[in-house]
Amino acid sequence: MKSSMGFRGKYRVERFIGSERIDAFDLTNAISDAGINYILSSAALGASQLSSWFIGLINSTGFTAVSTADTLASHAGWVELTAYSESARVQWSPSLGAKVLANATAATITFNAAGTVQGFFVASDSTKSGTAGTLLSLATFRNSGDTADEPKTVTNGEVWRVTYTIEGSNA
């Protein structure tokens, strides 16, 4: 019997102005090299488990690319968008199902200024623009291959509800 193990993830985003949902889209992601190393080392080598994860936003301004080699401390192709009301990155609180890890309740981001979102990431550092944690995943609207392929302009007061899912496979 041959088997391989893999992970794939998806960000599901719903946009609201007031109580009206104005858009929804899905973005597939890449698990970063640091994320893969964290998963393997904590599962097989007894490395310390990180129990808190947070969703961050990638700014379209100055964006050139994301890479699986990116880390929170070093990501030359992008910067974080921090124009939202929450004092820190919003928490991703997943639970485990059958080979699926996902937050059942969407993380809510309320924008307090106009901006343009290029994509998302999940990291273990809650601090906006923080660089000390582990970068787990990245996804962008550009070249996502999904329903959303362009960066999204946001307005003050707009609310996004974000669900992030990682699915394991043994295909």
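Description of the structure in this document. Note that the coordinates shown come from a computational prediction; the quantities given were computed from them, not determined experimentally.

Definitions and limits used
- Residues numbered from 1 in each chain as written.
- Predicted model: local features only at pLDDT ≥ 70, side-chain atom pairs only at ≥ 80, totals over all residues.
- Heavy atoms only, no water.
- Salt bridge = Lys/Arg side-chain N within 4 Å of Asp/Glu carboxyl O.
- Helix = DSSP H or I, 4+ residues; strand = E, 2+ residues; numbered from the N terminus.
- Buried < 20%, exposed > 50% of the residue type's maximum accessible area, 1.4 Å probe, protein only.
- Phe/Tyr/Trp six-rings, centres within 6.5 Å; stacked < 30°, edge-to-face > 60°.
- Core = buried A, V, L, I, M, F, W, Y, C linked by side-chain atoms within 4.5 Å.

This part covers the pattern of salt bridges. Under the definition given, this model contains 6 salt bridges. Salt-bridge contacts for Glu 167 lead to Arg 8; the nearest nitrogen and oxygen are separated by 3.1 Å. Of the two residues, Glu 167 is situated in strand β13 (residues 159-169) and Arg 8 in strand β1 (residues 6-17); the sequence distance between them amounts to 159 residues. Given a relative accessible area of 31%, Glu 167 falls into the partly exposed group. Owing to a relative accessible area of 53%, Arg 8 belongs among the exposed residues under this scheme. The salt bridge involving Glu 14 is made with Arg 21; its shortest N-O contact spans 2.7 Å. Assessed through its relative accessible area of 24%, Glu 14 is described here as partly exposed. By sharing partners, the salt bridges in this structure join Arg 15, Asp 23 and Glu 158 into a single network.

Turning our eyes to something else, we now look at the packing of aromatic side chains. Scanning the entire structure with this criterion turns up 11 aromatic pairs. On the numbers, 6.1 Å between centres and 65 degrees between planes, the contact of Phe 120 with Phe 141 is edge-to-face. Remark: Phe 141 occurs in the loop between β11 (135-140) and β12 (152-154) and Phe 120 occurs in strand β10 (residues 115-123); sequence separation between them is 21 residues. Of the residues examined, Phe 120 reaches a relative accessible area of 0% and is grouped as buried. Relative accessible area serves as the criterion here: at 0%, Phe 141 is assigned to the buried category. Through pairs of rings, three or more aromatic residues link up here, namely Tyr 11, Phe 25, Trp 92, Phe 111, Phe 120, Phe 141, Trp 160 and Tyr 164.

Let us look at the nonpolar core. Ranked by size, the top nonpolar core spans 29 residues in total, and within it Phe 111, Phe 120 and Trp 160 carry the most contacts. One finds Phe 63, Phe 121, Leu 135 and Leu 138 within the second-largest nonpolar core, a separate group that totals 8 residues.

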